[in-house]
Amino acid sequence: MSTAFLSSDDDQLEPTLQNLIDQKTLRWIFVGGKGGVGKTTTSCSLAIQMAKHRKSVLLISTDPAHNLSDAFSQKFGKDARLIEGFTNLSAMEIDPNGSINDLISAGGDEAQDAMAGLGGMGGMMQDLAFSIPGVDEAMSFAEVLKQVKSLSYEVIIFDTAPTGHTLRFLQFPTVLEKALEKLSQLSTQFGPMVNSMLGGRLPNGQSLDDITAKMESLRATIAEVNQQFKNADMTTFVCVCIAEFLSLYETERMIQELAGYGIDTHCIVVNQLIFPKKDQNCPQCGARRAMQKKYLDQIEELYDEFNVVKMPLLTEEVRGVERLRGFSEMLVTPFEPPQ
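Predicted model, so just to flag it, every value in this text is computed and none were measured.

**Quick word on the overall build of the protein**
Right, so step 1: For the protein, the helix and strand inventory stands at 14 helices and eight strands.
Right, so step 2: When contacts within the protein are restricted to residue pairs at least 6 apart in sequence, long-range pairs at least 24 apart make up 77% of them.
Right, so step 3: For the protein, the computed accessible surface area is about 15500 Å², with 50% contributed by carbon and sulfur atoms.

**Some thoughts on the nonpolar core**
Right, so step 1: Counting residues in hydrophobic clusters, the biggest one holds 39 residues, and the most contacted among them are Ile29, Leu46, Met50, Phe72 and Ile157.
Right, so step 2: Residues contacting isoleucine 157, with those up to four places away along its chain left out, are Ile29, Val31, Ser43, Leu46, Ala47, Met50, Val57, Leu58, Leu59 and Ile60.
Right, so step 3: Listed in part, the 30 residues of the second largest apolar core include Val225, Val270, Ile299 and Tyr303.

**A few points about the sheet that holds strand S7 (residues 267-273)**
Right, so step 1: Strand order in this open sheet of eight strands is S3-S4-S2-S5-S1-S6-S7-S8, and the pairing throughout is mixed. Only two strands of the sheet have a single neighbouring strand rather than two, namely strand S3 (81-82) and strand S8 (307-312).
Right, so step 2: In terms of strand pairing, strand S2 (residues 57-61) meets strand S5 (residues 155-159) through five bridges, oriented parallel. In the strand pairing of S5, valine 57 is matched with valine 155.
Right, so step 3: Contacting strand S1 (28-32), S2, strand S4 (89-93), S5, strand S6 (235-242) and S7, helix H2 (residues 39-51) runs over the sheet at an angle of about 165 degrees to S5.

**Here's the deal with the state of the cysteines**
Right, so step 1: All told, the structure shown has one disulfide when counted by the stated rule.
Right, so step 2: The disulfide that involves cysteine 282 links it to cysteine 285, with 2.4 Å between the sulfurs. With the S-S dihedral at roughly 65 degrees, the linkage between cysteine 282 and cysteine 285 falls on the right-handed side.
Right, so step 3: In this model cysteine 241 remains outside any disulfide bridge; the closest cysteine sulfur is found in cysteine 239, 7.9 Å from its own.
Right, so step 4: On the basis of relative accessibility, which here comes to 1%, the residue cysteine 241 falls in the buried class.

**Remarks on the environment of lysine 78**
Right, so step 1: Note on placement: lysine 78 falls in the loop between helix H3 (68-72) and S3.
Right, so step 2: Residues lysine 78 and serine 61 lie 17 residues apart in sequence; the distance between their C-alpha atoms is 9.5 Å.

**Structural notes on the side chain of threonine 235**
Right, so step 1: Among the secondary structure elements, threonine 235 is positioned in strand S6.
Right, so step 2: Taking the relative accessible area as the measure of exposure, threonine 235 reaches 0% and is therefore buried.
Right, so step 3: From its side chain, threonine 235 meets the backbone oxygen of glutamine 228 in a polar contact 2.8 Å long.

Conventions adopted
Residues numbered from 1 in each chain as written. Predicted model: local features only at pLDDT ≥ 70, side-chain atom pairs only at ≥ 80, totals over all residues. Heavy atoms only, no water. Helix = DSSP H or I, 4+ residues; strand = E, 2+ residues; numbered from the N terminus. Contact = heavy atoms within 4.5 Å. Areas by Shrake-Rupley, 256 points an atom, 1.4 Å probe, with all protein chains shown as cover. Core = buried A, V, L, I, M, F, W, Y, C linked by side-chain atoms within 4.5 Å. Buried < 20%, exposed > 50% of the residue type's maximum accessible area, 1.4 Å probe, protein only. Pairing = 2+ DSSP bridges. Axes fitted to C-alpha atoms, helices over the stretch in contact; angles between N-to-C directions. Disulfide = S-S within 2.5 Å. Polar contact = N/O pair within 3.5 Å; in protein donor to acceptor, adjacent residues only side chain to side chain.

See below:
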């Protein structure tokens, strides 16, 4: 697990995400949690802070709702586009309902030619790949492989879908490795027969050995990403929640599963906290604050080895670059509630 920073009193971890900014080896940051807890606002704000200290940052939405466009008031699509007002921060929105063809496209022209060269056998191999559980969710990462191969971004931040989809998404490298391994095995198994029938050459002039080599190259790329995801120096997951029972329950489930996948997580952002003034006459505010404090105390007790960031509920919507910039400052400088 990555080194977490201590606060000045040395009895609790620093309640900010400054430790992520200072961890120069980080390349992949996932931001996730239950729906409606402020994942997009958090991921956009973290990306803004990261852009201050990195040469290039890419923010990716894998959530079908695609809130990045709404958050920045700018339209994004499947290709990375610079966010207005920045020279080193880009964003893109991936359609999670991808297909096996997206995977082949992501592998570049060589992988595409490889599948095409297999003709009818390629269709059979695609069917086999789709028989592997979770491969459809895994395809949502296909577009990202293009960015990975180009190595054009120093840090990649994911604004993920609600918890269940995210956990399946994080399994993608393992799933794709298995899929490509199956394809490779099938190619090896039927290779002699195909070579015999076609005289050693496939319809597009390639040999089966060429195709197998290209498949292995794609699998090597995916295996490298898989290895990076399980390296705490390169990858971490930021859990976002609110101080309510269901959100806390979902966060605990997610942290347990992330541990099972070997993915580091040591930061929790608690959004929408109410800090009423002492002289404020608002029974509802006081009651809600008391409820939030109960769950906040539980979070601090359960996750005493985590950086727990407390973010206030604001009176205005956090939308647009300027408001996101302001919100982002509270991720690295603890919010001071009014007295």
